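# Close look at the chain arrangement
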There are 2 protein chains.
Amino acid sequence: MGEATPGIAAALERIAADIDHRFDLLLAVPDDPRRVLYHAMRHAAIGGGKRLRPLLVVATCDLFHVDKAAALRVATAIECMHVYSLIHDDLPAMDDDDMRRGKPTVHKAFSEAAAILAGDSLHAMAFELLAGEDTHSDPFVRAELVLELARAAGPAGMAGGQMMDLAAEHETFDLPTVTRLQQLKTGALIGFCLEAGAIMGRVPPEGRTGLRGYARDLGLAFQIADDMLDAEGSAAAAGKAVGKDAAAGKATFLSLLGIERARAQAQALVDQAIAHLHGHGPEADLLRAIARYAIERDH
Amino acid sequence: MGEATPGIAAALERIAADIDHRFDLLLAVPDDPRRVLYHAMRHAAIGGGKRLRPLLVVATCDLFHVDKAAALRVATAIECMHVYSLIHDDLPAMDDDDMRRGKPTVHKAFSEAAAILAGDSLHAMAFELLAGEDTHSDPFVRAELVLELARAAGPAGMAGGQMMDLAAEHETFDLPTVTRLQQLKTGALIGFCLEAGAIMGRVPPEGRTGLRGYARDLGLAFQIADDMLDAEGSAAAAGKAVGKDAAAGKATFLSLLGIERARAQAQALVDQAIAHLHGHGPEADLLRAIARYAIERDH
C-alpha cells in the first residue's frame, strides 16, 4: 500500500468484507448435484482480490447519495462479472494460469468444466442482480444498468479485448492498438463502474463527461501499473504468475514505452484522472485516493 | 417433418430466415483483431438449428398481438443464449463434441479460446438485446425480460442443469433427479420463451399459468424425444454424434423408462401441453403444432 493514499486502506478493507458477505449469501450451496458448481463459484469469488471495481462503484454512488445497500448490490454485480472474466481468462485454452489471488485457479482446484460453468453462472448472476427490483425502484435505471454492462462485457468490450489479447501473441501491435486492446479488456468494465454510479444517481448522460474521463485515464494508468507489476513484481506479491507477457513476446505499454516513459505516463494519467473530478469537492476524495492507489499498489 | 403438423414447416422456414437475417446484421465482422471472434460467432449462429425457441417466442407474442419486429428481437436474444450454451457444452472439457448442426463445432473450426469467447460474447449480447429500447417502450418490460432470462440461464437454470448433466456420468440418477436435471438444462430456457411472449404481451404473472404448464410439458416431451433420437437416430440426421448417453452410462428418460413407456410418456406430455392452451382459440394453433412437432421431428 502506498503511503500517499491515506484512507484507502480502510476503504479497501471495508469493501472487501462487504463483498465477501454478499457473495456468501448469494452463493449458498444447494444440497443437490449442482453443489460443485457453487463451491467453484465460492472459491473464485470469496476471500481474494482487491475489490477495486466494487470500491469504484460505491465511491461513485456516494457522490450522489445513493442508498448504500443498493450501491453494494450493483458493486456485487460488477464483481460477479469481473470474477467470471478471471475464471475464463485463466483456462488452459486462454492464458493457462495455475494461480490467481494466491490460490489455485478454479480449473486447477475443481475441473475445467466446473470453471467454464462457474464463469457462465456468475456472468448470468451479474445481470440477475442488476435487473432485480432491489437495485432501484425505477425500472429505467435497472434496464440502463443492464444495457451498459452488457455492452462493457461483450464483443465490443471485455470479451473483444480478451480476443485481441490472445491475438497479441501472434501479431505485433503498435501503441494505438495496445491502447484499444486495454480500453476494451479492462477499460470497459472500469468505465461501467463509474457509469453505474452515475446511473444510480440519476445523472443524465451529458453530466457524466468528467466521470467518463476519470474512468478512461484511470483504466489506462491501472493497466500500465499492471504491466510493470507483471515485469518487475514477484509471484508471491501478485498472487499469480508474473513475467508472462515478456515470455510470450507480447507488446505491452511497458515494452512499447520502456520503463521510464511508462512510469511517467501512468503518473500523468493519474493526474489527468484526478483533474477530471474538478467539479467535485471533498466528497470525491475517495475517487482521488483510488486513482493514486492504482499506480502505487504493490499487488 | 411429421405429416400431422401442417403449417409448421412454413413457420420453421420463415423463422429460420428471419433469425439468420438478424444475426447477419448483429454480427457484422469488424476490421480489427477481433475479427476471428465474430467469425466464430457467425459460424455457430448463422445457418443451422431448428430455431424452435425463436418460433416459440414469436408464436407466443402473436397470441397477444405484440409488434413483430420487437418479438423477433426477443427471439434473437433467446437464440443468442441458446447458441452460447451449445458452443460451451460442445467444448472438450464439457461434452467434447466435434460436430453440431452438421458443421464442425466452434472449437474445431476455430480454437477453444475463440469458442469460449464466442459463447461469452453471445451470452452478453442476449442481455444487450433485451435491455435496449427497441425491445419495448416500457422499461419495466425490459427489466423483467432480463431478470427472467438471467434466472433461466444461471446456476438455478441452464448452467446448473449442465453441471448436473456432467455429474450424471459419475452418479446414478433416479427419475425425479433426471426430470429436475432436464427442467434446468433445457426446460428453463424453453419456459422463458413462453414467459417472454407473455411479458411482451403485458400478461400479468397470474395470467401465465397455462403458458407455463404448456412450456413445462413441452420441455420434457422435447427432451424425451431428444433422448430417443440420441439412442436411435443417425448422426447424419441429427447433425451431431449420437449414442453418447448410453456410451457414457448416463441415466436418461429412455434408460429409466424403456422405449415404449418413454414414447407413451412423450405423447401424454404433448397432449397435456396442448390441453394447457384450452383458453386460447385458433390463434394458438401454431403453439399446438409446435408441441406435436417436438416429438415427431426426425432431426
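Before going into details, it helps to say that this report is about the structure given with it.

Cut-off values and rules
- Residues numbered from 1 in each chain as written.
- Chains lettered and ligands numbered in written order.
- Predicted model: local features only at pLDDT ≥ 70, side-chain atom pairs only at ≥ 80, totals over all residues.
- Heavy atoms only, no water.
- Buried < 20%, exposed > 50% of the residue type's maximum accessible area, 1.4 Å probe, protein only.
- Helix = DSSP H or I, 4+ residues; strand = E, 2+ residues; numbered from the N terminus.
- Contact = heavy atoms within 4.5 Å.
- Core = buried A, V, L, I, M, F, W, Y, C linked by side-chain atoms within 4.5 Å.
- Buried area = accessible area lost by both parts, 1.4 Å probe.
- Salt bridge = Lys/Arg side-chain N within 4 Å of Asp/Glu carboxyl O.
- Polar contact = N/O pair within 3.5 Å; in protein donor to acceptor, adjacent residues only side chain to side chain.
- Nonpolar A, V, L, I, M, F, W, Y, C, P; charged D, E, K, R; others polar.

Turning to helix H8 (residues 158-167) of chain B, a few remarks are in order. Of all ten residues making up H8(B), ten are buried, and the element is well covered by its neighbours. For H8(B), every residue scored as buried is listed here: B:Met158, B:Ala159, B:Gly160, B:Gly161, B:Gln162, B:Met163, B:Met164, B:Asp165, B:Leu166 and B:Ala167. Looking at the packing, one finds that the buried side of H8(B) touches helix H2 (35-45) and helix H6 (112-131) of chain A together with helix H4 (68-89), helix H7 (139-153) and helix H9 (175-200) of chain B.

Counting 216 residues, the largest nonpolar core has A:Tyr214, A:Leu287, B:Tyr214 and B:Leu287 as its most contacted members. Once you skip the residues sitting within four places of it in the chain, B:Leu287 turns out to touch B:Leu56, B:Ala59, B:Thr60, B:Leu63, B:Leu194, B:Leu211, B:Tyr214 and B:Leu277.

Okay, the interface of chain B and chain A next. Taken residue by residue, the interface counts 50 residues in chain B and 50 residues in chain A. Interface area, chain B with chain A, both sides summed: about 4,000 Å², of which 76% is carbon and sulfur. At the surface where chain B touches chain A, the tally comes to two salt bridges. At the junction of chain B and chain A, the tally comes to seven residue pairs in polar contact (both at pLDDT 80 or more). Listing elements by their share of the side of chain B that touches chain A, those giving two or more residues are helix H2 (35-45), H4, helix H6 (112-131), H7, H8 and H9 of chain B. By residue number, the principal contributor to the side of chain B that touches chain A is H6(B), which donates 13 residues. Looking at side-chain class alone, the side of chain B that touches chain A contains 33 nonpolar, eight polar and nine charged residues.

Within the secondary structure, A:Ala11 sits in helix H1 (residues 8-26). Classification of A:Ala11 by relative accessible area gives buried; the value is 17%.

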